[in-house]
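A structural walkthrough
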Amino acid sequence: MTVQPADGLSPAAAFPDPSHDQWQSLVEGVLRKSGKEVSGSAAEEALSTTLEDGLTTRPLYTAHDTSPDTGFPGFAPYTRGSRAEGNAAGGWDVRQRHALSDPARLNEAVLGDLENGVTSLWLTVGGPAGVPAESLARSLDGVYLDLAPIVLDAPADPDAAATELLRLYEERGVAKSAARGTLGADPLGHEARTGIEADLTAAVRWAKACAAEYPGLRAIAVDALPYHEAGGSAAEELGLSLATGVAYLRALTAAGLGVEEACAQLEFRYAATADQFLTIAKLRAARRLWARVAEVSGAPGAGGQRQHAVTSPVMMTRRDPWVNMLRTTLATLGAGVGGADSVTVLPFDHALGLPDAFARRIARNTSTILMEESHLARVIDPAGGSWYVERLTDELAAAAWAFFQETERAGGLPAALRSGMVAERLAATWGARSAMLARRKEPITGVSEFPMPSERPVEREPAPDPYAGAPGGLPRVRRDEAFEALRARSDAHLAATGERPKVFIAALGPAAAHTARASFAVNLFGAGGIEAVHRPVSVDATTAAEALTASGASVACLCSSDALYAEQADQVAGSLKSAGAAQVFLAGRPGEYADVDSYVFAGCDTVAVLTSVLDRMGVA
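Keep in mind it's a predicted model, so treat the numbers as computed, not measured.

Once that is clear, we can look at the overall build of the protein. Each helix and strand in the protein was counted, giving 21 helices and 15 strands. What you see for the protein is a C-alpha radius of gyration of 28 Å, in line with the 25 Å of a compact globule of 620 residues. Its C-alpha atoms put the protein at 85 × 75 × 55 Å along the principal axes. Taking all 620 residues of the protein together, 51% fall into the buried category. Across the protein, the fraction of contacts at a sequence separation of at least 24, relative to all contacts at a separation of at least 6, is 76%. Per element, the accessible surface of the protein, about 26400 Å² overall, is 54% carbon and sulfur. Put simply, the protein has 55 plus and 75 minus side-chain charges, and the middle of one group is 1 Å from the middle of the other.

Structure, rendered in structure tokens:
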């Protein structure tokens, strides 16, 4: 039975349809109250957010924000999903990553994961971080290989790892048609990480073998993580993944495979970040772009890209690592909504070393919660039709295609890597982003915002670097690296002296006048591991000197309102200097105050400020 609204009217019938001009007029009024006299489109632009790659997020999207036809799930251009049923047919593949060199420990870990929600395994094989190839059988003892897909990551010797896995399938009686997973050959990704020139011979050989005998196995991983981990933007990550895929297509078709067969040998790997909308758009754009590559290659029906999303290593922090659980949850949500076929959630302690059992449990349960309790996998392409997401997908695809074409003009990915073109482009992008991070325009919760200098560090067993000793290749960056260096200096000072470097918060007037700026200053200095001493709650010219001496700090920061600064800042700063303050800051925009050496304010270069403070304090 359907309950009709009173008088047969719909609930919204009494409200007139507002126009875009009316909304813009309201925006102008709000901005005018904040001191910005702008009108028309300029008012809307004032509320827009600039992203990387020349993209802009506007405050309002409407049906007038058009984008190309996205088609249907399972059909070209595959924007809405490479499979007709999308993730609604049971959710995504929960793929857990393992990098352990001890086969007994690895076996215990994989069995525990498979018994508790993991559906495929991503194993590092060989090298300092992986299990030896000859121990793969011991590592997978008790694993039903016809049920659990295996994905290999063997940077040291991919040939040996693939050979052993196929031998293991045969030994355990797994039918060739039942084998699932990816052999993980990615010579161009290995070159990007190490600088060692790629040889595609083995990758081509394995692709031909899989195409002929193992219909459920893919030979090659098109891994875009090296470019993401080098500081690349979303469009650069996409553009370079296309260039990588095209390079492999050329090699495979030259070796005799058809375009359809060659496309079927590729699995694409992308980073999923805590920017959920950008992650959704990136995965949707990646499918659309690869469909275009397949189309111009003569196989429009082969463009359904197989995607493996990995929560971003770049966003993982070493300080307050518990916040990483929240970051990876948002990233996983973005990957699931974006239509990833497989998702790997890195444990929250990934940046600290080898994850413990609790961290792996939280990682796998992240996917389970989103699929089973949030019901994220019940709908195909849940973001489809959102004017914002569709427009962002289109704009990101255009930016990525432009960079892909630039890479092709440079001679293709191998030539672009060897000429330094890729490294230079990614370095420039990371340099611009680093400036945003330093100014806290891109905040890092628990690190650059709301830090806890007294927090007890989380310790983990060190994780060997699989690329240790590599002669070159792209760097690997982290968002927290500049602040981590500052915190490490503070830790060393604590170990040497028994206390952290300190700053005295000289708050003027009542709490209502100084609390906002005092809290700002405490957070800012805390981001460098500098302990803020805010005792007493308020000082004046007669009490400031004694309070500074009692704090044990050699640096002070004035905090209050502009009105009280005008009345008291000169005298209090002078009192602090006479008591031996080596440096006096003022929290607020720069002005002309005697004995104030520097200013801290929203948007200042926090890393530069904290570096200079630690230098002045003599913190090595």
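This part takes up the sheet that holds strand β8 (residues 266-272). Paired through backbone hydrogen bonds, the strands of a sheet run either parallel or antiparallel to each other. Strand order in the closed barrel made by the 8 strands is β3-β4-β5-β6-β7-β8-β9-β10, with parallel pairing throughout. Averaged over all adjacent pairs, the angle separating strand axes in this sheet is 30 degrees, with direction ignored. Strand direction decides the pairing type here: strand β6 (residues 181-185) and strand β7 (residues 217-223), joined by 3 bridges, are parallel. For T182, the partnering residue across the bridge sits in β7 and is R218. Helix α5 (residues 158-171) rests against β5 (150-153), β6 and β7 of the sheet, and its axis sits at about 160 degrees to β5.

Looking at where T194 falls in the secondary structure, it is placed in helix α6 (residues 187-194). We classify T194 as buried; its relative accessible area is 2%. Contact partners of T194, with chain neighbours within four places excluded, come to Y467, A470, P471, G472 and G473.

On to the sheet that holds strand β11 (residues 502-507). Spatial ordering of the open sheet is given by β12-β11-β13-β14-β15, a layout of 5 strands whose pairing is parallel. Looking along the sheet, the strands with just one partner apiece sit at the ends: β12 (531-533) and β15 (598-600). Going across the sheet, the axis of each strand differs from the next one's by a mean of 30 degrees, ignoring polarity. Pairing of β11 with β12, which is carried by 3 bridges, proceeds in the parallel orientation. Residue pairing for β12: K502 is matched across the bridge by E531. Docked against the sheet, helix α19 (residues 544-551) engages β11, β12 and β13 (555-559), running at close to 155 degrees with respect to β11. The strands touched by helix α20 (residues 562-578) are β11, β13 and β14 (583-587); relative to β13, the strand with the most contacts, the crossing angle is about 170 degrees.

Further remarks concern the pattern of salt bridges. Counted according to the given criterion, the structure contains 43 salt bridges. Of the charged contacts in the structure, one is a salt bridge between R284 and D381, with a shortest N-O distance of 3.1 Å. Taken together, the residues span a long stretch of sequence, with R284 in helix α11 (residues 276-296) and D381 in the loop between α13 (357-373) and α14 (387-409) at a distance of 97 residues. The exposure classification of R284 matches that of D381, with both residues buried. With its nearest N and O atoms 3.0 Å apart, the salt bridge here joins E442 to R479. Of this pair, E442 sits in the loop between α16 (421-438) and α17 (481-497) while R479 sits in the loop between α16 and α17; the two residues are 37 residues apart in sequence, bridging distant segments of the chain. R479 matches E442 in its accessibility class, with the two residues each being buried. What you see here is one network of salt bridges that share partners, running through R58, D65, R391 and E395.

The residue after A76, namely P77, is reached through a cis peptide bond having omega 10 degrees. As for its placement among the helices and strands, P77 is situated in the loop between β2 (56-57) and β3 (93-98). Residues R535 and P536 are joined by a peptide bond in cis, for which omega reads -5 degrees. Relative to the helices and strands, P536 resides in the loop between β12 and α19. For D320, which is not glycine, the phi dihedral falls at a positive 45 degrees.

On to the pairing of strand β9 (residues 307-311). A regular strand places its side chains so that they alternate between the two faces of the sheet. For β9, the buried fraction is high: 5 of the 5 residues fall into the buried class. Neither face of β9 is exposed, since Q307, A309 and T311 on one face and H308 and V310 on the opposite face are all buried. Alignment of β8 against β9, held across 5 bridges, turns out to be parallel. Within β9, the residue paired with A271 across the bridge is V310. Tracing the backbone out of β8, into α11 and back to the parallel element β9 gives a crossover that is right-handed. The pairing of β9 with strand β10 (residues 342-344) spans 3 bridges and is parallel. Residue pairing for β10: H308 is matched across the bridge by S342. Chirality of the crossover, the property in question, places the unit of β9, helix α12 (residues 323-338) and β10 among those that are right-handed.

Here is what the cut-offs are and how they apply
Every chain is numbered on its own, with residues counted from 1 as its sequence reads. It should be noted that, the model being predicted, local features are given only for residues of pLDDT at least 70 and side-chain atom pairs only at 80 or more, the latter also being counted only at that level, while totals for whole chains, interfaces and linings use all residues. Hydrogens and water are ignored here; the side-chain numbers use all heavy atoms of the structure. Strands here mean DSSP runs of E at least two residues long; helices mean DSSP runs of H or I at least four residues long; both are numbered from the N terminus. Just to be clear, the radius of gyration here is over C-alpha atoms, and the globule rule we use is 2.2 Å times residues to the power 0.38. A 1.4 Å probe rolled over the protein chains alone gives each residue an accessible area, and that area as a share of the maximum for its type sets the label: buried under 20%, exposed over 50%, partly exposed in between. Contacts were defined at the residue level, with two residues in contact if any of their heavy atoms lie within 4.5 Å. Every accessible area reported is derived by Shrake-Rupley at a probe size of 1.4 Å, with residue values counting cover from the shown protein chains alone. In this count, Lys and Arg are taken as positive residues and Asp and Glu as negative ones, while His and the chain termini are left out. Where a charge sits is defined by one atom per residue type, namely NZ (Lys), CZ (Arg), CG (Asp) or CD (Glu). Here, strands pair whenever DSSP counts at least two bridges between them. The axes are straight lines fitted to the C-alpha atoms, using for helices just the contacting stretch, and the angles between their N-to-C directions are given from 0 to 180°. Think of a salt bridge as a Lys or Arg side-chain nitrogen and an Asp or Glu carboxyl oxygen that are within 4 Å of each other. We call a crossover right-handed when, viewed with both strands directed away from the observer, the connection leading from the first strand over the helix to the second proceeds clockwise.

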